[in-house]
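Structural overview for review
Below are the chains, spelled out letter by letter.
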Amino acid sequence: MVVIVDYGLGNPGSIKNMLRKIGTDSVISSDHQVILTAEKLILPGVGAFDQGMKNLEERGLIPLLNQKVLTEKTPVLGICLGMQLFTRKSEEGTLAGLGWIDAETIRFEPSETEKKFPVPHMGWEYVSGKKDSLLLNEMYEEPKFYFGHSYYVKCNNRDEVILTSHYIHEFDSALQKEKMLGVQFHPEKSHKYGMKLLSNFITHF
């Protein structure tokens, strides 16, 4: 069973709809018993880092997610803020992240000569492959995805970076550490590219 973790931020309904299009049933839930039975987890998110961590804590989800992901090795896909919560900390707030990957979440800071690049970064961008991953298995040529973010993840272990993109400068747009996968973009808004990526997550992890 695929469980989309509901912690009050993001657009889990859009992810559920996209999964339905590729023939995958899923449930949106914050119920501990439901999450315990999950074969795969998706951690979505749109919003502020500290609010995301507070919401997870208030729902008692942090120990549960640690158990599922770190101990049971349940595959998890973090989307946008969901991936940022994998990191140790964020420039957006003061709370510690989940700390699953050795990374920080950094704000885009365009210089005076880069003011033509508005923040938040919104829209379609191409991605460049840095490492083979089944998440990208048989991906369409010249893949591009839809982004909407003011912060990005900077991964300290470059072996865990599978995609980068360019906006103001190059940044990490997809990561993989064991069965922990994160994407900065929104596959649920990325048409055939997003459908293929989600299908790969469901099929290969």
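Read on for an overview of the structure. The model shown is predicted, which means the values in this text are computed figures rather than measured ones.

So, how was this worked out
- Residues numbered from 1 in each chain as written.
- Predicted model: local features only at pLDDT ≥ 70, side-chain atom pairs only at ≥ 80, totals over all residues.
- Heavy atoms only, no water.
- Helix = DSSP H or I, 4+ residues; strand = E, 2+ residues; numbered from the N terminus.
- Rg over C-alpha atoms; globule rule 2.2 N^0.38 Å.
- Buried < 20%, exposed > 50% of the residue type's maximum accessible area, 1.4 Å probe, protein only.
- Contact = heavy atoms within 4.5 Å.
- Areas by Shrake-Rupley, 256 points an atom, 1.4 Å probe, with all protein chains shown as cover.
- Arc of directions from axis to C-beta.

So, about the overall build of the chain. Along the backbone of the chain there are six helices and 13 strands. In terms of overall dimensions, the chain is globule-like: its C-alpha atoms have a radius of gyration of 16 Å, near the 17 Å expected for 205 residues. Here the C-alpha coordinates of the chain stretch approximately 50 × 40 × 30 Å along the principal axes. Of all 205 residues assigned to the chain, the portion counted as buried reaches 52%. Excluding contacts between residues fewer than 6 apart, the proportion of contacts in the chain whose partners are at least 24 apart in sequence is 72%. By element, 47% of the accessible surface of the chain is carried by carbon and sulfur atoms, the whole surface being about 9,300 Å².

In this section: the environment of Lys189. Position of Lys189 among the secondary structure elements: in the loop between strand 13 (180–183) and helix 6 (191–204). A sequence separation of 65 residues divides Lys189 from Trp124, and the C-alpha atoms of the two residues are 9.9 Å apart. When residues no more than four places from it in sequence are discounted, the contact partners of Lys189 are Asn11, Trp124 and Tyr146.

Backbone geometry at Lys73 places phi at a positive 60°, although glycine is not the residue there. Examined against the element boundaries, Lys73 turns out to sit in the loop between helix 4 (61–71) and strand 4 (76–79). The backbone phi angle of His191 is positive, close to 55°, even though this residue is not glycine. When its relative accessible area of 52% is taken as the criterion, His191 is described as exposed.

As a further point, take helix 1 (residues 12–21). Buried residues of helix 1: Pro12, Ile15, Met18 and Leu19, and no others. Projected down its long axis, helix 1 carries its buried residues within an arc of 120°, all on one side. Residues of helix 1 that are buried sit in contact with strand 1 (2–5), strand 2 (26–29), strand 3 (40–43), strand 4 and helix 6. Two residues or fewer past helix 1, Gly23 is found with a positive phi of approximately 85°.

Every buried residue of helix 3 (residues 49–58) is accounted for by Phe49, Asp50, Gly52, Met53, Asn55 and Leu56. Elements that come into contact with the buried residues of helix 3 comprise strand 3, helix 4, helix 5 (81–84), strand 5 (89–90) and strand 6 (103–107).

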